Amino acid sequence: MEKLYYPQWNETLYRTVLPSGLTVYVVPRPGFTKKLAYFVTDYGSIHTEFTVNGEAFSAPAGVAHFLEHKMFDLPGRDVSEEFAALGAYPNAFTSYDMTAYYFSCTEHFDDCLRLLLEFVSTGYFTEESVDKEQGIIGQEIGMSRDNPDHRSFELLMETMYPNHPIHTPILGSKDSIAQITPQVLTACHRAFYRPDNMLLCVVGDVDPDAVEALAREMIPEKFTDEITRTSHWEESMQPPVKLVEQTMEVAMPMFQLGFKCEDAGFGAAAIRQEAIGDLACEALFGESSSLYMRLYEEGVIDGSFGGGFETVDGMALVTLSGDSDTPQILCDAVLEEAARLVAEGLEEADFLRMKRSALGRRLRDLDSFDSTCFRLCAYHFSGYDYFNFPEIYESITQADILEFLQRVIRQERSCMVIIYPKQKEE
């Protein structure tokens, strides 16, 4: 395996690409008893349109999440119980553009890793199990729609993005999951759960060569199907609707505010845009910003307030959310503060402090095995080596941040969702 050392992080990464096409990362943590492995596919809820050897395929919304649930099924076996017998804790998640399966353990690591690679690579779907899962996920969808936080974000995406598939919830809808069959699951598993579309990332006191050898043993096959997928969707930077208002069972009004941004792209340029967006959000409404402190003191926002720069394949945006009796005042204040910063600039000391603070948070994140694995995987699929991140921050200037604020934080790019409390009957 190739060995890479990153002095700014004091981290070492071993990496290789196996004959099957699978990429393997190992980050040694000598002396730690915990070991963590992520087996991840570059496939999420937005990837519903693709071709296999030139033949077009359109999957129902929610297939990626449905697959995540069904991957733990093996004929006559309970994968979760097998992990538990080994003293391991398995889990999984589906995002808009990635699905991950992982476990943590302190012993029996080789057996756990072998089980992880086996069940994720197999794919076993029956009519009976699919029918049962449709009922389970249908209940999950109902609960999600009744959750004000989930519902407000879904409404924001639905309103801001008429073309990008982020307008559809990760879980899909009850109608869309009713269209999922074993054949649909098999086709999507074959298309995206292929070694050259996946990454195995391990963090802990392990032997990198042993991890590579086990992965070679368990994943020998190289897939030959030609797969292409839709990964670009035309979107105007002006949302078609500026304000959506609904009522739900909430104690006080809650809001989601978004500003559309151009697609960040791929590779180092995309990661640099992400870092600029993060720093711009910190300068505009971070907890140490003058806007945050003023709005908090005036009672416009409370401890629920937060936000940041978000990216998904083919789109990017700034989001802010929280509880507020006067959400429109907050929106106006954000626009006014962005214009002020663009006109007056940032204090050099504040700018340098923000960059140091951001890098410090990234460094502290490396104390977490889960954070390290997640970021390595997410950045790998974005075409960038996460451990080179300090180089990105060093290249960012005040002008980059001010240009971002001027371009993105504009009224015409904004959309707000407000959830009001239901009026109690007299």
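Residues numbered from 1 in each chain as written. Predicted model: local features only at pLDDT ≥ 70, side-chain atom pairs only at ≥ 80, totals over all residues. Heavy atoms only, no water.

Draft legend 1. Main features of the overall build of the protein. Secondary structure assignment for the protein yields 15 helices and 17 strands. Relative to its length of 426 residues, the protein is compact, with a C-alpha radius of gyration of 23 Å against a globular reference of 22 Å. Judged by the C-alpha coordinates and their principal axes, the protein covers about 60 × 55 × 45 Å. Counted over contacts in the protein with a minimum sequence separation of 6, partners at least 24 positions apart contribute 80%. Taken as a whole, the protein presents about 19100 Å² of accessible surface, with 49% of it coming from carbon and sulfur. Distance between charge centroids for the protein: 3 Å, based on 34 positive and 69 negative side chains. (Helix = DSSP H or I, 4+ residues; strand = E, 2+ residues; numbered from the N terminus. Rg over C-alpha atoms; globule rule 2.2 N^0.38 Å. Contact = heavy atoms within 4.5 Å. Areas by Shrake-Rupley, 256 points an atom, 1.4 Å probe, with all protein chains shown as cover. Lys, Arg positive; Asp, Glu negative; His and termini not counted. Charge placed at Lys NZ, Arg CZ, Asp CG, Glu CD.)

Draft legend 2. Focus on the pairing of strand S10 (residues 99-105). S10 sits mainly inside the fold: 7 of its 7 residues count as buried. Residues Thr-99, Tyr-101, Phe-103 and Cys-105 of S10 are buried on one face, and the alternating residues Ala-100, Tyr-102 and Ser-104, pointing to the opposite face, are buried as well. Examined bridge by bridge, strand S4 (residues 35-41) and S10 share 7 bridges and lie antiparallel to one another. Paired with Leu-36 across the bridge in S10 is Ser-104. Note that strand S9 (residues 89-94) and S10 share 6 bridges and pair antiparallel. Each residue of the ladder has a partner; that of Phe-93, found in S10, is Ala-100. From the end of S9 to the start of S10, which pair antiparallel, there are 4 residues. (Buried < 20%, exposed > 50% of the residue type's maximum accessible area, 1.4 Å probe, protein only. Pairing = 2+ DSSP bridges.)

Draft legend 3. Focus on the sheet that holds strand S14 (residues 254-261). Across the sheet, 5 strands lie side by side as S13-S17-S14-S16-S15; this open sheet has mixed pairing. Looking at which strands have only one partner, the edges of the open sheet turn out to be strand S13 (243-248) and strand S15 (306-312). Across the sheet, the axes of successive neighbouring strands diverge by a mean angle of 20°, strand direction being ignored. Strands S14, S15 and strand S16 (315-323) of the sheet are contacted by helix H9 (residues 268-285), whose axis makes an angle of about 165° with S15. (Axes fitted to C-alpha atoms, helices over the stretch in contact; angles between N-to-C directions.)

Draft legend 4. Geometry of the sheet that holds strand S12 (residues 227-229). Read from one edge of the open sheet, 3 strands run S6-S5-S12, paired in antiparallel fashion. What marks the edges here is a single partner per strand, and that holds for strand S6 (55-58) and S12. Strand-to-strand, the axes of this sheet are offset by a mean angle of 25°, without reference to chain direction. Strand direction decides the pairing type here: strand S5 (residues 49-52) and S6, joined by 4 bridges, are antiparallel. For Thr-51, the partnering residue across the bridge sits in S6 and is Ala-56. Sheet strands touched by helix H7 (residues 182-192): S5, S6 and S12. Its angle to S5, the strand with the most contacts, is close to 75°.

Draft legend 5. Representation of the packing of helix H3 (residues 109-122) against helix H8 (residues 208-218) within the structure. Two elements in contact, H3 and H8, have axes separated by 10 Å at closest approach and are oriented at 35°. For the element pair H3 and H8, the recorded crossing hand is right-handed. Here Phe-109, Asp-110, Leu-113, Arg-114, Leu-117 and Glu-118 of H3 come into contact with H8, specifically with Val-211, Leu-214, Ala-215, Glu-217 and Met-218. Split into classes, the residues belonging to the contact of H3 with H8 amount to 7 nonpolar, no polar and 4 charged. (Left-handed = near helix turned anticlockwise from the far one by under 90°. Nonpolar A, V, L, I, M, F, W, Y, C, P; charged D, E, K, R; others polar.)

Draft legend 6. Local environment of helix H11 (residues 327-344). Here H11 spans 26 Å end to end across 18 residues, near enough to the 26 Å set by a 1.5 Å rise per residue. By the burial criterion, the buried members of H11 are Pro-327, Leu-330, Cys-331, Ala-333, Val-334, Leu-335, Glu-337, Ala-338 and Leu-341. Tucked inside the fold, the buried residues of H11 contact S14, H9, helix H10 (290-297), S16, helix H15 (398-408) and strand S17 (414-421). Residue Gly-345 follows H11 closely and has a positive phi angle near 80°. (Expected span 1.5 Å × (residues − 1).)

Draft legend 7. Examining the packing of helix H1 (residues 63-70) against H7 more closely. At a closest axis distance of 10 Å, the pairing of H1 and H7 adopts a crossing angle of 95°. One element, H1, and the other, H7, form an angle in the roughly perpendicular class. Only Val-184, Leu-185, Cys-188 and His-189 of H7 make contact with H1, whose side of the interface consists of Val-63, Phe-66, Leu-67 and Lys-70. A class-by-class count of the residues in the contact of H1 with H7 yields 6 nonpolar, 1 polar and 1 charged. (Parallel < 35°, antiparallel > 145°, perpendicular 65-115°, else oblique.)

Draft legend 8. Main features of the layout of surface pockets. The space that makes up the largest pocket amounts to roughly 1600 Å³. Taken together, 49 residues line the largest pocket, and the ones lying closest to its centre are Glu-274, Phe-309, Glu-310, Thr-311 and Val-312. Broken down by secondary-structure element, the contributors of at least two residues to the lining of the largest pocket are H9, S15, S16, helix H12 (348-365) and helix H13 (369-381). The element that contributes the greatest number of residues to the lining of the largest pocket is H9, accounting for 8 residues. (1 Å grid on protein atoms, 1.4 Å probe; cavity = no way out; pocket = protein on both sides within 12 Å on 5 of 7 lines; lining within 4 Å. Points joined across faces, edges and corners; volume = space filled by probe spheres on them.)

Draft legend 9. Focus on the packing of aromatic side chains. Considering all chains together, one arrives at 27 aromatic pairs under this definition. Between Tyr-43 and Phe-192, the aromatic rings sit 4.3 Å apart at their centres with planes inclined by 5°, giving stacked as the arrangement. Of this pair, Tyr-43 sits in the loop between S4 and S5 while Phe-192 is found in helix H7, placing the two residues 149 residues apart along the sequence. On the basis of relative accessibility, which here comes to 1%, the residue Tyr-43 falls in the buried class. (Phe/Tyr/Trp six-rings, centres within 6.5 Å; stacked < 30°, edge-to-face > 60°.)

Purely geometric numbers; function is a separate question.
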